[in-house]
Amino acid sequence: MQENLLCPFHYFGITDITVDDQEINDNSTFNDLTTDARVTHIINQSKYYGFSGERLRGLIFCSQIEEAQILSQKFNERGFNTIALSGKDSQETRTNGIHKLEQKERSTGLDYIFTVDIMNEGIDIPAINQIIMLRPTKSAIIFVQQLGRGLRKYPQKDYVVILDFIGNYQNNFMIPIALSGDTSYNKDNIRHYVAEGNRFIFGSSTIYFDKIARQKIYQAIDSAKLSDTALLKNEYLQLKQKLGKIPSIFDFSQFGSIDILKFLDKFKTYHNFLQKYDKDYTIRFNTIQEEILYFISYRFAKGKRIHELIALKLLLKNTSHLLMDIKQILITKYHQEFTEQIKVSLIRNLTNLFTISNEQAKFSNCIFIKENDNDYIISDIFKSALQDEKFYFQINEILDFALERYQKYYQNKYKNTNLVLYQKYTYEEVCYLLNWPQKINPNAMAGYFYEKTTHTMPVFINYIAPDKKRVDYTNEFLSNTLITAYSKSNRKLDSSDAKHIYNANKEQNKLYLFVRKPSEDKEAKEFYFLGEITAQGNPEFAPKYNGFKILYKLDTPVRADIFDYLTTITV
């Protein structure tokens, strides 16, 4: 669509009707789906939203063959020319139906083809100018395939209209996933897209949900178990069936399936998932190899920093001058400096010293380097593990995946940091991306934390909309460049916290703002990075809180879609 090869679409998420005070849902009966009232509702909406072109040519996707047949019959009784096609019909019957839909004359042609399972892919009907979806969205891939039936360009067709009748379906959360192409299955990302979808869509295409349909999607997002084993297995099996083989890590993104990171979050490694749920997968590793694969997948697969990825790729090649080679690659390929702070941080990450003590014990074999002639080389334990070709391949694959993610999402760094504006980060990620010598307990980081060796202070805000506040002291955006915040409790106006904040220039401190909507992100606990901030004026005593109030000014105004999402109630 960005290359203007496809026609624009206008998507409308419309609330389906109720039958005998019951909403259309996953368990609705055949009779509920084919009532005269529902037929009237569908026809009225199709006429209201219309089409582009000389005459109507539409596809209607249904849940069941019998439903498609009865609805086709009822449409015909109301003056439409339609047929129902399914996999039971011969190729000749299907071809004839498509020809009648495409032909210029309506009197002997068709207005709609009702279908269930045969128009998802492999069918080319450029003339289609309206698509109606009357079934729950079970798969983002199938949704995109069905929507895609109308995206081919055609004379006198300026756009295609997509009407999605949204009932009380369990999988309604799949709709924004499909429309956005964001397969992270992250609830905060999904809600953000529902709230601000039109800001992301390319060109003249539009997305609209009516109020009730929007609420149904939010409810589905809230109740969805997006790391559920059954969901992951289903997505995996769909992709495996499509490919006819065990999917590689890259196949998930290439074919629009669920983000492979969901498997890593749930099962530690993709290898663990395959070993447990696919009998065709026969690769086995020893405990040390599994520990190393888990550590690399957990710590580096998201691709949020380039340095460890470069280092590990070089170690696979058995480099004898690791730091020298990293510096050269950073300068020539990524145009970055290899500062002393980053070097120290990198070494601590690759020698298992960054993590807290219990994690150091958990990953005791994850020491990847050893000193050699004022530089570093591959450690004996990592080198031994890599003798297994299959293990070497999987380590290399996960690193290539992480490098691809870095190039796509994280290379446009903010000022002299390893952070990217508007990307999301956990407490732990902020620790190592700011080059801290060690991970800090998240409880200690709540609100803010000053790290003295790097002179950095990330400020973390769980943002609650003003009319949802339940306590006196909560943060508030006054504009897209000003936000109020509070110190930790029991902090005086002359405390060290106040000095680090208000004497930032004198102490050469850098303060960075991270904000999340706790009501939207109850799983990942990731914060949007909003850039550098500076305290304005003087601290204001907050007696009930036994602390002080701060007014921060953002160095960069918050991007409009992020600002609106953070400050708007999305329920």
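I will try to describe carefully the structure that is included in this document. (Residues numbered from 1 in each chain as written. Predicted model: local features only at pLDDT ≥ 70, side-chain atom pairs only at ≥ 80, totals over all residues. Heavy atoms only, no water.)

1. Some points on the overall build of the protein
Reasoning step 1: Tallying secondary structure elements over the protein gives 24 helices and 18 strands in all.
Reasoning step 2: Viewed in the frame of its principal axes, the protein has a C-alpha envelope of about 85 × 65 × 40 Å.
Reasoning step 3: Among the 571 residues that make up the protein, the fraction classed as buried is 54%.
Reasoning step 4: Put simply, 71% of the contacts in the protein that link residues at least 6 apart link residues at least 24 apart.
Reasoning step 5: When the accessible surface of the protein is summed, it comes to about 26200 Å², and 48% of that surface belongs to carbon and sulfur atoms.
Reasoning step 6: A gap of 3 Å separates the mean positions of the 72 positive and 68 negative side-chain charges of the protein. (Helix = DSSP H or I, 4+ residues; strand = E, 2+ residues; numbered from the N terminus. Buried < 20%, exposed > 50% of the residue type's maximum accessible area, 1.4 Å probe, protein only. Contact = heavy atoms within 4.5 Å. Areas by Shrake-Rupley, 256 points an atom, 1.4 Å probe, with all protein chains shown as cover. Lys, Arg positive; Asp, Glu negative; His and termini not counted. Charge placed at Lys NZ, Arg CZ, Asp CG, Glu CD.)

2. Re the side chain of H271
Reasoning step 1: Assignment of secondary structure puts H271 in helix 12 (residues 270-277).
Reasoning step 2: Residue H271 is classed as buried on the basis of its relative accessible area, which comes to 1%.
Reasoning step 3: Those residues within four positions of H271 in sequence are excluded, and the remaining contacts are Y281, I283, R284, F285, E290, L293 and Q394.

3. Quick word on helix 4 (residues 91-102)
Reasoning step 1: Here helix 4 is 12 residues long and its end C-alpha atoms lie 17 Å apart, about the 16 Å a rise of 1.5 Å per residue gives.
Reasoning step 2: Every buried residue of helix 4 is listed here: G97, I98 and L101. Taken down its axis, helix 4 places every buried residue within 100° of arc, on the same side.
Reasoning step 3: Buried residues belonging to helix 4 abut strand 4 (58-61), strand 5 (82-85) and strand 6 (112-115). (Expected span 1.5 Å × (residues − 1). Arc of directions from axis to C-beta.)

4. Some points on the pattern of salt bridges
Reasoning step 1: All told, the structure shown has 29 salt bridges when counted by the stated rule.
Reasoning step 2: Of the charged contacts, one joins E54 and R57 as a salt bridge, the two residues approaching to 3.2 Å between their closest N and O atoms.
Reasoning step 3: Assessed through its relative accessible area of 2%, R57 is described here as buried.
Reasoning step 4: Residue K439 pairs with E428 through a salt bridge whose shortest N-O separation is 3.2 Å. Separated by 11 residues along the polypeptide, K439 in the loop between helix 20 (427-433) and helix 21 (442-445) and E428 in helix 20 bring together distant segments of the chain.
Reasoning step 5: The exposure class of E428 is buried, given its relative accessible area of 14%.
Reasoning step 6: Linked by salt bridges that have partners in common, R299, E359, E428 and K439 make up one network. (Salt bridge = Lys/Arg side-chain N within 4 Å of Asp/Glu carboxyl O.)

5. So, the nonpolar core
Reasoning step 1: Membership of the largest hydrophobic core comes to 122 residues, with the highest contact counts inside it found for F9, Y11, L179, F368, F382 and I395.
Reasoning step 2: Per-element accounting of this core gives the leading share, nine residues, to helix 19 (residues 389-410).
Reasoning step 3: Not counting residues up to four positions away in its chain, the partners in contact with F368 are I292, F295, I296, L312, L315, L350, I377, I378, S379 and F382.
Reasoning step 4: Counting residues in each nonpolar core, the second largest holds 30 residues, with V515, I562, F563 and L566 among its members. (Core = buried A, V, L, I, M, F, W, Y, C linked by side-chain atoms within 4.5 Å.)

6. Focus: the packing of helix 9 (residues 229-243) against helix 12
Reasoning step 1: Packing of helix 9 against helix 12 brings their axes to within 12 Å, and their N-to-C directions diverge by 85°. Here helix 9 is positioned roughly perpendicular relative to helix 12, judged by the angle of their axes. Note on element contacts: helix 12 touches helix 9 through Y270, F273, L274 and Y277, opposite T229, L232, K233 and Y236. (Axes fitted to C-alpha atoms, helices over the stretch in contact; angles between N-to-C directions. Parallel < 35°, antiparallel > 145°, perpendicular 65-115°, else oblique.)

7. What to know about the packing of aromatic side chains
Reasoning step 1: Throughout the structure, instances matching the rule amount to 44 aromatic pairs.
Reasoning step 2: Aromatic pair Y270 and F273: ring centres 6.4 Å apart, planes at 10°, arrangement stacked. Remark: F273 and Y270 occur in helix 12; sequence separation between them is three residues, near one turn of the helix.
Reasoning step 3: Summarising the aromatic geometry, the rings of F285 and F391 are spaced 5.4 Å apart at their centres and angled 80° between planes, so their arrangement reads as edge-to-face. A residue pair is termed long-range when its members are at least 10 positions apart, and F285 in the loop between helix 12 and helix 13 (287-300) and F391 in helix 19 qualify at 106 residues. The exposure classification of F285 matches that of F391, with both residues buried.
Reasoning step 4: Counting every residue linked through ring pairs, the aromatic cluster contains Y236, F252, F263, F267, Y270, F273 and Y277.
Reasoning step 5: Geometry around Y448 places K488 over its ring, the cationic atom sitting 4.9 Å from the centre.
Reasoning step 6: Above the ring of F527, the side-chain terminus of R516 is found at 5.6 Å from the ring centroid. (Phe/Tyr/Trp six-rings, centres within 6.5 Å; stacked < 30°, edge-to-face > 60°. Lys NZ or Arg CZ within 6 Å of the ring centre and 35° of its normal.)

8. Notes on the sheet that holds strand 5
Reasoning step 1: The strand order across the open sheet formed by seven strands is 5-6-4-7-8-1-9, and the pairing between neighbours is parallel. Bordering the open sheet on either side are strand 5 and strand 9 (206-209), each of which pairs with just one other strand. Going across the sheet, the axis of each strand differs from the next one's by a mean of 15°, ignoring polarity.
Reasoning step 2: Pairing geometry for strand 5 and strand 6, over four bridges, is parallel. Bridge pairing links T82 to Y112 in strand 6.
Reasoning step 3: Across the sheet, helix 3 (residues 65-77) touches strand 4, strand 5 and strand 6, and the angle it forms with strand 5 is around 175°.
Reasoning step 4: Contacts from helix 5 (residues 140-148) reach strand 1 (9-15), strand 4, strand 7 (130-133) and strand 8 (160-166), with the element oriented near 150° to strand 7. (Pairing = 2+ DSSP bridges.)

Just distances and angles here, no functional claims.
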